[in-house]
Amino acid sequence: MSTWTPQPAGLQEILQTIRDSTDTQGNVQRAITHKLNTFTRVPDYIAYLAYILTALPQEDDQIRTIAGYLLKNNARLLLNVSPDVAEYAKSAVLQAFVSSPPLIRNAAGHDIVAFLGALEPRNWPDCLQQLVNMLDSPDPALQEAAFSVFEKACEDFPRKMDIEINGTRPLDYMIPKFLMLSEHPMPKMRSHAVACLSYFVPINSQSLFAHIDAFIACLFKRASDEDPSVRRHVCQALVLLLAARPEKLMPEMSNVAEYMLYSTKDKNESVALEACEFWLTFAEDPDLAAFLHPLLGRVAPVLLDCMVYGEDDLLWLDGDTEDTNIPDKETDIKPRHYGGKTHGLDRDQGEPNGQERKRGAYGEETLDDEDEDDYDLDDDDFADEMSTEWNLRKCAAAALDVLAVRFGSELLNVLLGPLKNKLWSAEWLERESGILALGAMAEGCIDAIEPHLTTLVPYLISTLNDPKPLVRSIACWTLGRYASWCTQPISEQHKNSYFVPTMEGLLRMVLDDNKRVQEAGCSAFATLEEDAGPELVPYLEPVLRNLVFAFEKYQHKNTLILYDAVGTLADAVGRALQNPTYVEILMPPLTSRWSKLPDDDDDLIPLLECLASVTIAMGPAFAPYALPVFQRCVNIIHQSLLQYQAYQQNPDLDEPDKSFLVVSLDLLSGLAQGMGMHLEPLIGQTSPNLLQLLTVCLKHPQAPVRQSAYALVGDLAMGSFQLLRPHLPAIMAELIEQLDPEPKVEFISACNNAAWSVGEVALRYGRDEPEFQQWVNPLIALLHENAAVSIGRIGLMHPNVVAPHLPEFAQAWCLALYEIRDNEEKDSAFRGLCTLVQTNPAGIAKSLLWFCNAIIRWHQPSAELNSMFQQLLSGFKHHDEAGWAAQVASFPPVIQERLAARYGV
């Protein structure tokens, strides 16, 4: 029993602050938030909050509820308080849960879940036991509240629930209890029971799978439950079983499929959404394709019908208004995450290690989340421009996307008739859903759809004139999905019939009077830019004038998307942008916005990101704007480093946003790439000194900052090496420290950039430069893809130092680079390897197969490199013709054939 009691003065201060927090004025709220944050340093703060929640019935319920909310948010403090305080807080929230009115009980329930999550159930077994006992309470409200706590705990941290305490597993008792309660007369109790059971499926809980047959029988029994919430959880459980243990459903798959088809058409959208998730999960598992294939003819048309906007969607969207002059609400603008600049090498095909990125029906990547505690079927990874939340329409589109990838032309054969009916329907909602479906199928069905695109693309372009904004916006999105076909340089006729009309149509949508259409048009045009690349150059002037006019027309949210479109355009057309006419069109609106934004405005981040691409493309033509841009970036870096230093000295401060620092480094990289040696005077005359700041950035605790700093080192090495050189001993020490051969996922990009920078620095040192030789040995020990390029480049400049090590890394080097796309970086690295082989021919003897494989994988080596290949291979052959013939005879046939055809060996 806890002996903790509150101090009256402390209690009054916290109470008054909570009362003041109900004031809606922004400045008051900020002051209150700051004060509440300072309370977290009071050792028994959570006991005060628990006391207000539990022991002050005379206080207004709103005040007590706010105390409960604060207690939930500060549950982690339980881990660092005295046992007396912890004991009081735990017993108080349980007391409030058992004997309080509904509002207070609800707050206490959230606190119990948060406490269990922080402490873990193994350290609070009394709570679990009391909650289980409450499930048998004669008070139906308490029964239901206890089960609600269980459901949230099972959803949030199922693994923490699936543990052993004092030799017994609570779940061994709880699972049968939940199965029994699935028969409860109260619908909410049945719903909680099915939900709790389902959350243990993804973690393969043995306590659940010991009762798997009873669980599946329970699901079939509850499948026809009159309560939609119960049916929704049944569908959810079947989805989770399909993902984790499909073999358990296979014997009953025909019945399960029938039920899910029926439920996908349920009038209750939450039920239909969970059922639709079943088909998405089914389609995503390649091992289940054979079971799904026979159902394709029935599933696909149902998904197509699910893609029509519902009445609730239309009310929420309010899609018909011409709202271009209505300012955005700040809540409409999602936070952007800026990751920083990457220097890497492109593989020849597919993704690294053969892993292809999954893409959703809206073209975005979806991530596999291994953390069961974040398991959430309502994942908005697919969220697109049409809504802010996951819904039936989007789930159906996502499922159709994956089905298209899985079954290709077979899916199109099934949907050709229904899709035509929708596309040419008199009902605009039907047409709109057909256009969405056409876009969703673009990736998987492209080969089958391609013969129809000569009809479909003009149809989509014509729908850009539709009076309904929602039709125009989805037509933009779908045109973006087929942009790669439209932009193919097949013929002049193809360009004039499809590429130019698509470009002109999307540019019109960029300037539409509806903000949703503007957004869709801008995003689709950015996709077109990426696919068209240099094909856009002849049209640059009208394109730029359109985009610049959009700056005058757009509200806040779409301006951020417009920055991205301008940056993508610069990346696509490259140095064509340095035409003085284009510079004069584009720079005034960008500099106008630049001058209006303070250094800590979040909108500065996408603008700087955009300018980084523009500076590279404009090159020396950017010179008139360079000094103020350079100086401001240096100032932002300086201020960001000072803020971070203050945060490190006082952790009670909020951690500064790294994005300003990262994007400023990246813009300086853009300037270095674009202006080359012309940047040297700015580096020399600007204060504080950039290179001193850069050395500090290389040691920054946050990987994205180091990543961008390493990129800047490499870019400066290319353009301003002499200014960089005095700082290189300190810089190289930091760079080498990043070259981890097996970095953690969050450090991979920083490692790659560090390796790339080392290679750029190596090329700029003189041949056999003694200063550089001290870094050779540690580099060789840290081989991975980008470091392999660096070692090749170091070998080019310092062959006598590196060549003795050739046997240690030759095979791994060839394996690391043979799949990389041909480019200048790879070329210089291979010239380095060839130089090493010339210096130490015996060093390649044990890796000759891998060396020859890497040589024949080249598509178009430079003349110099090709000559080196020829010289080395001919040298090997003439040195020992019989030995060479015997060795080549052991090579795979494709290597033998290409060596003979290309090099006559």
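### A look at the overall build of the chain
And then number 1: Along the chain, the regular secondary structure elements total 51 helices and two strands.
And then number 2: The C-alpha radius of gyration of the chain comes to 32 Å, within 12% of the 29 Å expected for a compact globule of 905 residues.
And then number 3: Principal-axis analysis of the C-alpha atoms gives the chain an extent of 95 × 70 × 65 Å.
And then number 4: Residues counted as buried form 56% of the 905 residues belonging to the chain.
And then number 5: The contacts in the chain between residues at least 6 apart in sequence include a share of 75% that link residues at least 24 apart.
And then number 6: When the accessible area of the chain is evaluated, it comes to approximately 38800 Å², of which 50% is carbon and sulfur surface.
And then number 7: Considering the chain, the positive charge centre built from 70 side chains and the negative charge centre built from 124 side chains are found 1 Å apart.

### Let's talk about helix H22 (residues 409–423)
And then number 1: Of all the bends in H22, the largest measures some 55 degrees and sits at Leu 415, one to four residues before the proline Pro 418.
And then number 2: Within H22 the residues assigned to the buried category are Leu 411, Leu 412, Leu 415, Leu 419, Lys 422 and Leu 423.
And then number 3: Close packing links the buried residues of H22 with helix H19 (296–306), helix H21 (392–407), helix H23 (428–440), helix H24 (442–449) and helix H25 (453–463).

### Focus: unusual backbone geometry
And then number 1: Residue Pro 688 is reached from Ser 687 by a cis peptide bond, and omega for that bond is 0 degrees.
And then number 2: When you line up the elements, Pro 688 lands in the loop between helix H36 (680–685) and helix H37 (690–697).
And then number 3: Within the chain, Glu 120 stands out as a residue other than glycine whose phi angle is a positive 75 degrees.
And then number 4: Along the chain, the position of Glu 120 falls in the loop between helix H6 (102–119) and helix H7 (125–134).
And then number 5: In this structure, Asn 166 is a non-glycine residue whose phi angle is positive, near 55 degrees.
And then number 6: Inspection of the secondary structure puts Asn 166 in the loop between helix H9 (158–161) and helix H10 (170–181).

### Quick notes on the packing of aromatic side chains
Working definition: an aromatic ring pair is given by the centre-to-centre distance plus the angle between the planes.
And then number 1: The tally for this structure, following the rule as stated, stands at 23 aromatic pairs.
And then number 2: Centroid distance Trp 279 to Phe 282: 6.2 Å. Interplanar angle 5 degrees. Geometry classified as stacked. Of this pair, Trp 279 and Phe 282 both sit in helix H17 (residues 269–284), three residues apart, which is roughly one turn of that helix.
And then number 3: For Phe 282, a relative accessible area of 0% translates into the label buried.
And then number 4: Relative to Phe 830, the ring of Trp 813 has its centre 4.9 Å away and its plane inclined at 75 degrees; by these criteria the two rings are edge-to-face. Residue Trp 813 is found in helix H46 (residues 806–817), and its partner Phe 830 is found in helix H47 (residues 824–839); the two are separated by 17 residues along the sequence. The pair Trp 813 / Phe 830 is uniform in exposure class, with both members buried.

### Looking at the side chain of Thr 695
And then number 1: Here Thr 695 shows up in helix H37.
And then number 2: Beyond its immediate chain neighbours, meaning those up to four positions away, Thr 695 contacts Ala 730 and Ile 731.

### What to know about the packing of H21 against H23
And then number 1: Running from N to C, H21 and H23 cross one another at 40 degrees; their axes reach a closest spacing of 8 Å. As for the relative orientation of H21 and H23, their crossing is right-handed in sense. Contacts between H21 and H23 involve Arg 393, Ala 397, Leu 400 and Asp 401 from the former and Glu 432, Leu 436, Ala 437 and Ala 440 from the latter.
And then number 2: For the contact of H21 with H23, the per-class residue count stands at five nonpolar, no polar and three charged.

### Points about helix H29 (residues 515–532)
Residues spaced three or four apart along an α-helix face the same direction, because each turn holds 3.6 residues.
And then number 1: With 18 residues, H29 should reach 26 Å at 1.5 Å per residue; the first-to-last C-alpha distance of 25 Å fits that figure.
And then number 2: A large share of H29 lies buried, amounting to 14 of its 18 residues.
And then number 3: You can read the cap of H29 off the contacts: a side-chain oxygen lies 2.9 Å from the backbone nitrogen of Arg 516, and it is on Asn 514.
And then number 4: Gly 533 sits one or two residues past H29 and shows a positive phi near 55 degrees.

### Quick look at a negative patch on the surface
And then number 1: On the surface, Glu 269, Glu 311, Asp 312 and Glu 389 cluster together into a patch of negative charge.
And then number 2: Relative to the helices and strands, Glu 389 resides in the loop between strand S2 (365–366) and H21.

### Some thoughts on the pattern of salt bridges
And then number 1: The full count for this structure, using the stated rule, is 34 salt bridges.
And then number 2: For Arg 431, the salt bridge is made with Asp 466, and the minimal N-O distance between the two is 2.8 Å. Of this pair, Arg 431 sits in helix H23 while Asp 466 sits in the loop between H25 and helix H26 (469–481), and the two are 35 residues apart along the sequence. We note that Arg 431, like Asp 466, is buried.
And then number 3: In this structure, Glu 760 engages Arg 764 in a salt bridge whose closest nitrogen and oxygen atoms are separated by 2.5 Å.

### Quick word on the nonpolar core
And then number 1: Judged by nonpolar contacts, the single largest core of 326 residues is most densely connected at Phe 150, Trp 279 and Phe 851.
And then number 2: Counting residues per element, this core draws most heavily on H21, which supplies 11 residues.
And then number 3: When near neighbours in sequence (up to four residues on either side) are disregarded, Phe 150 contacts Leu 128, Leu 131, Val 132, Leu 135, Met 161, Met 174, Phe 178 and Cys 196.

### Focus: the packing of helix H34 (residues 623–649) against H37
And then number 1: Two elements in contact, H34 and H37, have axes whose closest approach is 11 Å; the angle formed by their N-to-C orientations is 40 degrees. In this view, H34 runs oblique relative to H37, as classed from their interaxial angle. Crossing angle aside, the handedness with which H34 passes H37 is left-handed. Side by side, H34 and H37 meet where Phe 630, Val 634, Ile 637, His 638 and Leu 641 of the first sit next to Leu 690, Leu 693, Val 696 and Cys 697 of the second.

### A look at the environment of Leu 735
And then number 1: Mapped onto the secondary structure, Leu 735 falls in helix H40 (residues 728–738).
And then number 2: Note: C-alpha distance between Leu 735 and Phe 115 (620 residues apart in sequence) is 43 Å.
And then number 3: Apart from the residues lying within four places of it in its own chain, the contact partners of Leu 735 are Tyr 710, Val 713, Ala 754, Ser 757 and Val 758.

### Side note on the environment of Thr 454
And then number 1: Relative to the helices and strands, Thr 454 is located in helix H25.
And then number 2: Overall, the relative accessible area of 40% leaves Thr 454 in the partly exposed class.
And then number 3: Separated by 293 residues in sequence, Thr 454 and Met 161 have C-alpha atoms that sit 57 Å apart.
And then number 4: In contact with Thr 454, not counting residues within four places along its chain, are Trp 485 and Tyr 498.

### A closer look at the environment of Ala 617
And then number 1: Here Ala 617 shows up in helix H33 (residues 604–618).
And then number 2: Distance in space between the C-alpha atoms of Ala 617 and Gly 670 is 8.8 Å, their sequence separation being 53 residues.
And then number 3: Those residues in contact with Ala 617, other than ones at most four positions away along the chain, are Ala 570, Gly 574, Arg 575, Leu 577 and Gln 578.

### Focus: the confidence of the model for the chain
And then number 1: On average, the chain scores 88 in pLDDT, and the residues at 70 or more come to 92%.
And then number 2: Below pLDDT 50 for its whole length, residues 349–387 participates in 89 contacts with residues either more than four positions away or in separate chains.

### Re the state of the cysteines
And then number 1: Within this structure, the stated rule accounts for zero disulfides.
And then number 2: In this structure Cys 522 is not part of a disulfide, and its nearest cysteine sulfur, from Cys 476, lies 10 Å away.

Calculation notes
- Residues numbered from 1 in each chain as written.
- Predicted model: local features only at pLDDT ≥ 70, side-chain atom pairs only at ≥ 80, totals over all residues.
- Heavy atoms only, no water.
- Helix = DSSP H or I, 4+ residues; strand = E, 2+ residues; numbered from the N terminus.
- Rg over C-alpha atoms; globule rule 2.2 N^0.38 Å.
- Buried < 20%, exposed > 50% of the residue type's maximum accessible area, 1.4 Å probe, protein only.
- Contact = heavy atoms within 4.5 Å.
- Areas by Shrake-Rupley, 256 points an atom, 1.4 Å probe, with all protein chains shown as cover.
- Lys, Arg positive; Asp, Glu negative; His and termini not counted.
- Charge placed at Lys NZ, Arg CZ, Asp CG, Glu CD.
- Bend = angle between axes of the 7 residues up to and from the residue.
- Phe/Tyr/Trp six-rings, centres within 6.5 Å; stacked < 30°, edge-to-face > 60°.
- Axes fitted to C-alpha atoms, helices over the stretch in contact; angles between N-to-C directions.
- Left-handed = near helix turned anticlockwise from the far one by under 90°.
- Nonpolar A, V, L, I, M, F, W, Y, C, P; charged D, E, K, R; others polar.
- Expected span 1.5 Å × (residues − 1).
- Polar contact = N/O pair within 3.5 Å; in protein donor to acceptor, adjacent residues only side chain to side chain.
- Patch = residues over 30% accessible without salt bridge, like charges linked within 9 Å, V, L, I, M, F, W, Y side chains within 5 Å.
- Salt bridge = Lys/Arg side-chain N within 4 Å of Asp/Glu carboxyl O.
- Core = buried A, V, L, I, M, F, W, Y, C linked by side-chain atoms within 4.5 Å.
- Parallel < 35°, antiparallel > 145°, perpendicular 65-115°, else oblique.
- pLDDT = per-residue confidence, 0-100.
- Disulfide = S-S within 2.5 Å.

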